[in-house]
There are 2 protein chains.
Amino acid sequence: MTGPELERLIQLLGRLPGLGPRSARRAVLDLMKKREQLLLPLSEALREAADKVVTCATCGNLDTIDPCTICSDERRDPRTLVVVEDVGDLWALERAGATKGRYHVLGGVLSALDGVGPDDLSVAGLVRRVQAGGVGEVILAMNATVEGQTTAHYVADRLSGLGCSVTRLAHGVPVGGELDYLDDGTLVAALKSRRSL
Amino acid sequence: MTGPELERLIQLLGRLPGLGPRSARRAVLDLMKKREQLLLPLSEALREAADKVVTCATCGNLDTIDPCTICSDERRDPRTLVVVEDVGDLWALERAGATKGRYHVLGGVLSALDGVGPDDLSVAGLVRRVQAGGVGEVILAMNATVEGQTTAHYVADRLSGLGCSVTRLAHGVPVGGELDYLDDGTLVAALKSRRSL
């Protein structure tokens, strides 16, 4: 009853993470109300992103240039490589201004369940970057999940003997966190990695 | 750090109802991964909707033709008009196959807070449709909210004396609902409107 155009739009929007069929319908109605301010600009922005945004062949970041802004920025320390699972994690670290190093996006984590093996991730590319020389430290910034940590150990194994130090993010109490609300794993990790004041 | 194209896309997507900045970022990353299957088709579908979908001048429904499919469907009963707040409500009633009548979309509800007066809704259009004759019953299918019911009373007032009967949806226990979880207002309404078996 909504016509094939709107049905298709609802169906496509409903495939975005965070939007189900019901919220996709709400979004479409909202879009139709804001035709000039939202619908057309959104269509345009999607097309522009499809046309212009490419994956950096060096690090795997998304940008309009290749190598990306970060890889081609002379002020970024080329001796530090921060390895992340996904571009979203890279964005999170950049938002925090957490590092002046460069990145390497693996493109996922090892997962036997989902059939993701080492060849599906850009581990070989990372090894090549380290072998090319000039990298002093590789910081493994994977998520603190089972898959993330498995992947971190695998990557560390692959990098051993290449002459760079390999580190991982600290695990502990998140800043602003309350002990009472934390899980046992975090508490044990925080206690084990305690620092002298 | 994400480049102006992606920033703009995130910002536009984040304005959709149900998507905040964080889920918009996730959606954009997902879109970039599914360029051919999702990103380009979505851009295309948005443009097509903008080009083709119009508001029905008779009832206010969204469709590619004007008068819309429902208004021009000879099998729909022209003697029954179901008045709804929004196109989303029309879609909900159509999904349920609840009526064989035609619709009239008000385009909102009266709200002093939001500065929505009678002239901002298509009440005059509804009155004209009834005055044109051939309408036996107007069913007010507004939401059972304070604004919805205020609007229903206002519309009923405007329609009085035009020679059609004006009804409203029943209020009561929703089908499948449990008394223990219902609010007082619904329980009182359900008891007051009890039916003999």
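Residues numbered from 1 in each chain as written. Chains lettered and ligands numbered in written order. Predicted model: local features only at pLDDT ≥ 70, side-chain atom pairs only at ≥ 80, totals over all residues. Heavy atoms only, no water.

### A closer look at the overall build of chain A
Just so we agree on the cut-off: Helix and strand definitions here come from DSSP, where helices need a minimum of 4 consecutive H or I residues and strands a minimum of 2 consecutive E residues; each element is numbered from the N-terminal end. Each radius of gyration reported is based on C-alpha atoms, and the globular scaling rule is 2.2 Å times the count of residues to the power 0.38. Whether a residue is buried, partly exposed or exposed follows from its accessible area with a 1.4 Å probe, protein chains only, as a fraction of its type maximum: under 20%, in between, or over 50%, in that order. Should any heavy atoms of two residues lie within 4.5 Å, those residues are counted as being in contact. Only the protein chains shown count as cover for residues, and the accessible areas themselves come from Shrake-Rupley with a 1.4 Å probe. His residues and chain termini do not enter the charge count, which takes Lys and Arg as positive and Asp and Glu as negative. Where a charge sits is defined by one atom per residue type, namely NZ (Lys), CZ (Arg), CG (Asp) or CD (Glu).
Summing up its helical and strand segments, chain A has seven helices and six strands in all. Along chain A, from the amino end to the carboxyl end, the secondary structure elements read α-α-α-β-β-β-α-β-α-β-α-β-α. Taken over the C-alpha trace, chain A has a radius of gyration of 21 Å; the compact-globule value for 197 residues is 16 Å, which it surpasses by more than 25%. Overall size of chain A, expressed as C-alpha extent along the three principal axes, is 65 × 45 × 35 Å. A buried classification covers 43% of the 197 residues belonging to chain A. Counting contacts in chain A only where the partners sit at least 6 residues apart, residues at least 24 apart contribute 46% of the total. Accessible area of chain A: about 10800 Å², with a carbon and sulfur share of 52%. Distance between charge centroids for chain A: 3 Å, based on 23 positive and 26 negative side chains.

### Observations regarding the relation of the copies chain B and chain A
Basically, it comes down to this: The superposition of copies rests on a least-squares fit of C-alpha positions from residues with pLDDT of 70 or more in both.
Its rotation angle being 180°, the transformation that places chain B on chain A also includes 0.1 Å of axial translation and leaves an RMSD of 0.1 Å. Both copies are brought into coincidence by an operation consistent with a two-fold rotation axis. Ranked by how close their C-alpha atoms come to the rotation axis, the residues of chain B are headed by Ser43(B), at 2.2 Å. Mapped onto chain A, 100% of the interface residues of chain B again fall at the interface, so both copies present the same surface.

### A short note on the pattern of salt bridges
The cut-off we apply is this: One speaks of a salt bridge when a side-chain nitrogen belonging to Lys or Arg is within 4 Å of a carboxyl oxygen belonging to Asp or Glu.
Under the counting rule described, the total for this entry stands at ten salt bridges over all chains. Note that Arg47(B) and Glu44(A) form a salt bridge whose closest N and O atoms lie 3.4 Å from each other. A residue pair is termed interchain when its members come from two chains, as with Arg47(B) in helix α3 (residues 35-52) and Glu44(A) in helix α3 (residues 35-52). Ionic pairing is found between Asp73(A) and Arg75(A), a salt bridge with its closest N-O pair at 3.2 Å.

### Digging into the domain arrangement of chain A
What counts here: For every domain, the bounds stem from an assignment made automatically or drawn from a database.
What the domain assignment reports for chain A is domain 1 (4-52) and domain 2 (75-168). Summarising the inter-unit geometry, the C-alpha centres of domain 1 of chain A and domain 2 of chain A are found 34 Å apart.

### Some details on the interface of chain B and chain A
When the parts of a complex come together, some accessible area is lost, and that lost area is often used as the size of the interface. Cut-off, in case you're wondering: The quantity reported as buried area is the accessible area (1.4 Å probe) lost by two parts once they are put together, taken as the sum for both. We call two N or O atoms a polar contact when they sit within 3.5 Å, provided that within protein one can donate a hydrogen and the other can accept it, with sequence-adjacent residues counted only if both atoms are side-chain atoms. Gly is put with the polar residues, along with every residue not named as nonpolar or charged; the nonpolar set is Ala, Val, Leu, Ile, Met, Phe, Trp, Tyr, Cys and Pro, and the charged set is Asp, Glu, Lys and Arg.
Every contact between the two is made by 49 residues of chain B and, on the other side, 49 residues of chain A. The junction of chain B with chain A conceals about 5000 Å² of combined surface from both sides, 69% of it contributed by carbon and sulfur atoms. Counting across the chain B and chain A interface gives eight residue pairs in polar contact (both at pLDDT 80 or more). Those elements that place two or more of their residues in the side of chain B that touches chain A are α1 (3-13), α2 (21-33), α3 and α4 (87-95) of chain B. For the side of chain B that touches chain A, the leading source of residues is α3(B), giving 16 residues. Across the side of chain B that touches chain A, the residue classes break down as 28 nonpolar, six polar and 15 charged.

### As for the sheet that holds strand β6 (residues 165-168) of chain A
Residue and element names in this part refer to chain A. Note the following rule: The pairing criterion is simple: DSSP has to find at least two bridges between the two strands. Interaxial angle, 0 to 180 degrees, is taken between N-to-C directions of lines fitted to C-alpha atoms, where a helix line uses only the stretch in contact.
With parallel pairing, four strands are arranged side by side in an open sheet as β4-β3-β5-β6. Among the strands making up the open sheet, the edge pair consists of β4 (101-105) and β6. Between one strand axis and the next, the sheet turns through 25° on average, direction left out of account. Two strands pair when backbone bridges link them, and strand β5 (residues 137-140) and β6 are joined in this way by four bridges, in the parallel orientation. Counterpart to leucine 140 in the pairing with β6 is arginine 168. Packed on one face of the sheet, helix α4 (residues 87-96) meets β3 (77-84) and β4 and runs near 160° to β4. Packed onto the sheet, helix α5 (residues 123-131) meets β3, β4 and β5 and runs at close to 150° relative to β4.

### Some points on α5(A)
All names here are of chain A. Of all the residues in α5, the buried ones are Val123, Gly125, Leu126, Val127, Arg129 and Val130. Summarising the contacts, the buried residues of α5 are in contact with β3, β4, β5 and α6 (146-159). Looking one or two residues past α5, glycine 133 carries a phi angle of roughly 90°, positive in sign.

### Section: the nonpolar core
Basically, it comes down to this: We define a nonpolar core as any set of buried Ala, Val, Leu, Ile, Met, Phe, Trp, Tyr and Cys residues linked to one another through side-chain atoms lying within 4.5 Å.
The biggest cluster of nonpolar side chains holds 74 residues, and the ones touching the most others in it are Leu13(A) and Leu13(B). Those residues in contact with Leu13(A) that lie beyond four places of it in its chain are Leu19(A), Ala24(A), Ala27(A), Val28(A), Leu31(A), Leu16(B) and Leu42(B).

### With respect to the packing of α1(B) against α2(B)
Residue and element names in this part refer to chain B. Definition in use: Note on angle classes: values under 35 degrees are labelled roughly parallel, values over 145 roughly antiparallel, values of 65 to 115 roughly perpendicular, and the remainder oblique. Crossings are assigned a handedness: left-handed for a near helix turned anticlockwise from the far helix by less than a right angle, right-handed for a clockwise turn.
Across the interface, α1 lies against α2 with an axial gap of 8 Å and an inter-helix angle of 125°. Taken as axis vectors, α1 and α2 run oblique relative to one another. When you trace α1 past α2, the crossing you get is right-handed. The residues of α2 that touch α1, namely those facing Leu6, Leu9, Ile10 and Leu13, are Pro21, Ala24, Arg25, Ala27, Val28, Leu31 and Met32. Residues of the contact of α1 with α2, tallied by class, amount to ten nonpolar, no polar and one charged.

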